[in-house]
Amino acid sequence: MSRLQLEIKQLIIDALGLEDIAPEDIVADEPLFGDGLGLDSVDALELGLAIQKRFGIRIDAEAKDTRKHFANVDSLTAFVEANRPAVA
Amino acid sequence: MNWTPLQELLLEAPADALAALPELTRDRLRERALALAGALQARRITRLAVHLDDAGDLAIALLGAWRAGVRVLLPADLRPASRQRLAQHVDAWLSDAAGDLRITDLQGNPLPAAALDLDFEGLVLCTSGSTGAPKLIAKQLRQLANEVATLEALWGAELGSACVIGSVSAQHIYGLLFRVLWPLCAGRPFLRQAQPFPEDLQQASLVRPAFCWVASPALLKRMGDNLDWPALSAVRRVFSSGGPLPDDAARQLERRLGQAPTQIYGSSETGGVAWRQADDYWQPFAGVELSQDAEGALRIASPCLPNGHVEQTADAAELQSDGRFRLLGRLDRIVKLEEKRISLPMLEQALAGHAFVSEARLGVIQDNRAYLGALVALSAEGLHALRNGGRRALIQALRQHLGRYCEALALPRRWRLLLELPGNAQGKLPQTEVDALLQAPRTLGPDCLKRHPDDAGGWLLELRVPPDLAHFGGHFPATPVLPGVVQIDWALGLARELMDLPSRFRGMEVLKFQQLARPGDRLALALRYDQARGKLYFAYRNGETPCSSGRILLGE
């Protein structure tokens, strides 16, 4: 698990108040929403805000299908990596 | 804009009039509704449950069913338990789910166009009742017609031909009226799909020459800086309903859009009651008459209720002499999470129906989002499951069980496991205490049941290992065991409460751990302090079996 991936999993756990879930319980290529973790569209909204805030990035509101980045941890990690401001 | 009264929607439609987007003209909608009416009649269906995401299809289904004299029931979801509860009230299910009728299956010989009967009780809404049983609310078409006429009189002129874009489902009264029936009667186009995400809402909006939003607090309080607010400020009006919009979210929207959201107060039972915009006070809609019962809860009479009916709500309010009012909160155990109405008694009964649970109480926890917390008294079977499978597996089983009764959003996220629920002097557990217990972190100490001095100058204590001790989280996830270091810590801490001991910890000797202590175990703890040697003797027993013992060395 990359450091960024671990950070994103921990962010999901903290932002959404998930009890009894450890980062290793979130499978990176399994859907975040729907049955698995029991997350819903409000969690998707919360997660969108948390990701933008934590990593200082903006979800491009004009791009098509912005929500597909939130499908699973892998896609979120790729999205953050691609949009993260370069660290000095 | 040409207003068409609800009962005349299936009569001749104005040529080329657009009803919904993607393209559905009024003519086409009318044809499809009349064909659906014919199909329902041919199948001798008189009570139809409808659950459709596409608001255009929903409009066709409603108008077609009403033309055929078919009562439409709108379930909030398609869960097995919901279907089972409603089974006796419906002949058929129309939805996008496998096994149900599809809207494309219902194309029969069209019935002739005719006006709808306003006295027909054509709509049945399903919601959660405070007893735990689901509640069915029947509406005459007249009530719905009065709702939309009121809205049009207030805001029709300024909305003009703005496209109506919704973030909420049309299965509920608010979405149904604001996203579907009102625009249909007003000849205003509406978007068929709901847009629950801010970016999609923006994209759908900015391609329209004029637009308005039918939104919910769940969305409005979570819209970020990444949106094009200057462009979005062209929105003609922002409606918010389903639950309270926090004041700071309303103010932030006002700063960004140059317009405060228009909040609507109402419910499935009452229909629309009042509205407000940048104001603490609610303005009743035309024709609404308010009164209060002895507890201060609102009572409502209105053109959107059956004639002569006064609807008793559970909303406490403060009425002003000018007719406006402030809401003070609910008086029953119905809560709203992100505008979804949830009956705590229903979920508590469902939880108590699981073999692991003897009793359960629920409360709301306010975090980034509001969610439920569960206080669960375990049954003997539940305790056994906890001891042998761990907390997580137990809670997973309970969540799965509850998932048959409610949406994911209502599944408790915080759990506190107990052997029995506490009660006050009257044997009741007030909600404030439930909430306090859920707020508190998981316990770190033992439940101390008894303590008395022994003959030798020491103490005998009777302890119970709490089932939900925080230490069990990592020790071990699937087989919770009381860690040895915690046993020593408890012994020293309890001894300090009872005896005057030197403050410095100097070490330990002859530590023995003979038997595991597990959640729910009742332990006897013997404590004796040998002042001359500066040694605290401790010994835990479980019944006749020694668990652990040792000496803690203390000094100044």
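Residues numbered from 1 in each chain as written. Chains lettered and ligands numbered in written order. Predicted model: local features only at pLDDT ≥ 70, side-chain atom pairs only at ≥ 80, totals over all residues. Heavy atoms only, no water.

Peer 1: So what's going on with the overall build of chain A? Which residues, and what values?
Peer 2: Along the backbone of chain A there are 3 helices and 0 strands. Its helices and strands taken in sequence order, chain A reads α-α-α from the N to the C terminus. For chain A, the C-alpha radius of gyration of 12 Å lies close to 12 Å, the compact-globule estimate for 88 residues. Referenced to the eigenvectors of the C-alpha coordinate spread, the extents of chain A come out at roughly 35 × 30 × 20 Å. Counting all 88 residues of chain A, 48% fall into the buried class. Sequence-distant contacts in chain A: of pairs separated by 6 or more residues, those separated by 24 or more amount to 53%. (Helix = DSSP H or I, 4+ residues; strand = E, 2+ residues; numbered from the N terminus. Rg over C-alpha atoms; globule rule 2.2 N^0.38 Å. Buried < 20%, exposed > 50% of the residue type's maximum accessible area, 1.4 Å probe, protein only. Contact = heavy atoms within 4.5 Å.)

Peer 1: How would you explain the sheet that holds strand β22 (residues 370-378) of chain B if you had to name every residue and give the values?
Peer 2: All names here are of chain B. If you walk across this open sheet you meet the 3 strands as β21-β22-β23, and the pairing is mixed. The open sheet has two edge strands with one neighbour each: β21 (357-366) and β23 (414-418). Strand-to-strand twist in this sheet, taken as the mean axis angle between neighbours without regard to direction, amounts to 20 degrees. In terms of strand pairing, β22 meets β23 through 5 bridges, oriented parallel. Residue alanine 374 lies in a different strand from β23, and its bridge partner there is tryptophan 415. (Pairing = 2+ DSSP bridges. Axes fitted to C-alpha atoms, helices over the stretch in contact; angles between N-to-C directions.)

Peer 1: So, the packing of aromatic side chains: which residues are in play, and what are the values?
Peer 2: The geometry of an aromatic ring pair is captured by two quantities: the separation of the ring centres and the angle between the planes. Inspection of the entire model under this criterion finds 12 aromatic pairs over all chains. Pairwise contacts between aromatic rings join Trp155(B), Tyr174(B), Phe178(B), Trp182(B), Phe239(B), Trp275(B) and Phe285(B) into one cluster. Lying over the aromatic face of Phe70(A), Arg67(A) brings its terminal NZ or CZ to 4.9 Å of the ring centre. Between the NZ or CZ atom of Arg83(B) and the centre of the ring of Trp93(B), over which it lies, the distance is 4.9 Å. (Phe/Tyr/Trp six-rings, centres within 6.5 Å; stacked < 30°, edge-to-face > 60°. Lys NZ or Arg CZ within 6 Å of the ring centre and 35° of its normal.)

Peer 1: Break down a nonpolar patch on the surface for me, with residues and values.
Peer 2: On the surface, Phe505(B), Met508(B), Leu511(B) and Phe513(B) cluster together to form a nonpolar patch covering roughly 360 Å² of accessible area. Structurally, Phe505(B) can be placed in strand β26 (residues 504-513). (Patch = residues over 30% accessible without salt bridge, like charges linked within 9 Å, V, L, I, M, F, W, Y side chains within 5 Å. Areas by Shrake-Rupley, 256 points an atom, 1.4 Å probe, with all protein chains shown as cover. Salt bridge = Lys/Arg side-chain N within 4 Å of Asp/Glu carboxyl O.)

Peer 1: Help me get a handle on helix α2 (residues 55-67) of chain B, residues and values and all.
Peer 2: Residues and elements named next belong to chain B. In this model α2 runs 18 Å from its N-terminal to its C-terminal C-alpha over 13 residues, within 8% of the 18 Å that 1.5 Å per residue would give. Put simply, aspartate 54 is the residue that caps the front of α2, since its side-chain oxygen is 2.7 Å from the backbone nitrogen of glycine 56. Just beyond α2, the residue with positive phi is glycine 69, at close to 70 degrees. (Expected span 1.5 Å × (residues − 1). Polar contact = N/O pair within 3.5 Å; in protein donor to acceptor, adjacent residues only side chain to side chain.)

Peer 1: Could you give me a rundown of the interface of chain A and chain B, with the residues and numbers involved?
Peer 2: Between chain A and chain B, the contact holds 27 residues from the first and 29 residues from the second. At the boundary of chain A with chain B, total buried surface from both sides reaches about 2400 Å², with 45% on carbon and sulfur atoms. Taken together, chain A and chain B are joined by 9 salt bridges. The interface formed by chain A and chain B holds 19 residue pairs in polar contact (both at pLDDT 80 or more) in total. (Buried area = accessible area lost by both parts, 1.4 Å probe.)

Peer 1: So what's going on with unusual backbone geometry? Which residues, and what values?
Peer 2: Residues and elements named next belong to chain B. Geometrically, the link from leucine 21 to proline 22 is a cis peptide bond, its omega value of -5 degrees lying close to zero. The residue proline 22 is located in the loop between β1 (18-21) and β2 (24-25) in this model. Even without a glycine there, the phi angle at glutamate 338 is positive, about 50 degrees. For glutamate 338, the position within the fold is in the loop between β19 (334-337) and β20 (340-343). Backbone geometry at valine 510 places phi at a positive 40 degrees, although glycine is not the residue there. Its place among the elements puts valine 510 in strand β26.

Peer 1: I'd like a description of the confidence of the model for chain A, backed by residues and values.
Peer 2: Mean pLDDT over chain A stands at 88; residues scoring 70 or higher make up 95%. Helix α1 (residues 3-15) of chain A holds the highest mean pLDDT among the elements of chain A, 94, whereas helix α2 (residues 41-55) of chain A holds the lowest, 91. (pLDDT = per-residue confidence, 0-100.)

Peer 1: So what about helix α4 (residues 141-159) of chain B? Which residues, and what values?
Peer 2: Residue and element names in this part refer to chain B. Bending of α4 peaks at approximately 55 degrees at the position of alanine 153. Along α4, the residues classified as buried are Leu141, Gln143, Leu144, Ala145, Glu147, Val148, Thr150, Leu151, Glu152, Trp155, Gly156 and Leu159. Looking one or two places after α4, you find glycine 160, whose phi comes out positive at around 50 degrees. (Bend = angle between axes of the 7 residues up to and from the residue.)

Peer 1: Before we move on, could you go through the sheet that holds strand β24 (residues 447-453) of chain B and cite the residues and values that matter?
Peer 2: Residue and element names in this part refer to chain B. The strand order β24-β25-β27-β28-β29-β26 describes an open sheet built from 6 strands, whose pairing is antiparallel. Of all the strands in the sheet, just β24 and β26 have a single pairing partner and so form its edges. Direction aside, neighbouring strands of the sheet carry axes that sit 20 degrees apart on average. In this sheet, strand β29 (residues 545-555) lies alongside strand β28 (residues 535-542) in antiparallel orientation, the contact comprising 8 bridges.

Peer 1: Outline the pairing of strand β27 (residues 522-530) of chain B, supporting the account with residue identities and numerical values.
Peer 2: All names here are of chain B. Alignment of strand β25 (residues 459-464) against β27, held across 6 bridges, turns out to be antiparallel. Opposite glutamate 462, over in β27, you have alanine 524 as the bridge partner. With 7 bridges joining them, β27 and β28 adopt antiparallel strand pairing. Bridge pairing links alanine 526 to alanine 539 in β28. Between β27 and β28, which pair antiparallel one after the other, the connecting turn spans 4 residues, and glycine 534 there sits at a positive phi close to 65 degrees.

Peer 1: Can you explain the pattern of salt bridges? Please cite residues and give values.
Peer 2: Scanning all chains against the criterion turns up 43 salt bridges over all chains. In this structure, the salt-bridge partner of Glu19(A) is Arg416(B), at a minimum N-O distance of 2.9 Å. On the criterion of chain membership, the pair formed by Glu19(A) in the loop between α1 and α2 and Arg416(B) in strand β23 is interchain, its members lying in two chains. With a closest N to O distance of 2.7 Å, Asp279(B) and Arg324(B) form a salt bridge. On the criterion of sequence distance, the pair formed by Asp279(B) in the loop between β13 (271-277) and β14 (283-284) and Arg324(B) in the loop between β17 (311-319) and β18 (325-330) is long-range, its members being 45 residues apart. By sharing partners, the salt bridges in this structure join Glu19(A), Asp20(A), Arg391(B), Arg416(B), Arg442(B) and Asp468(B) into a single network.

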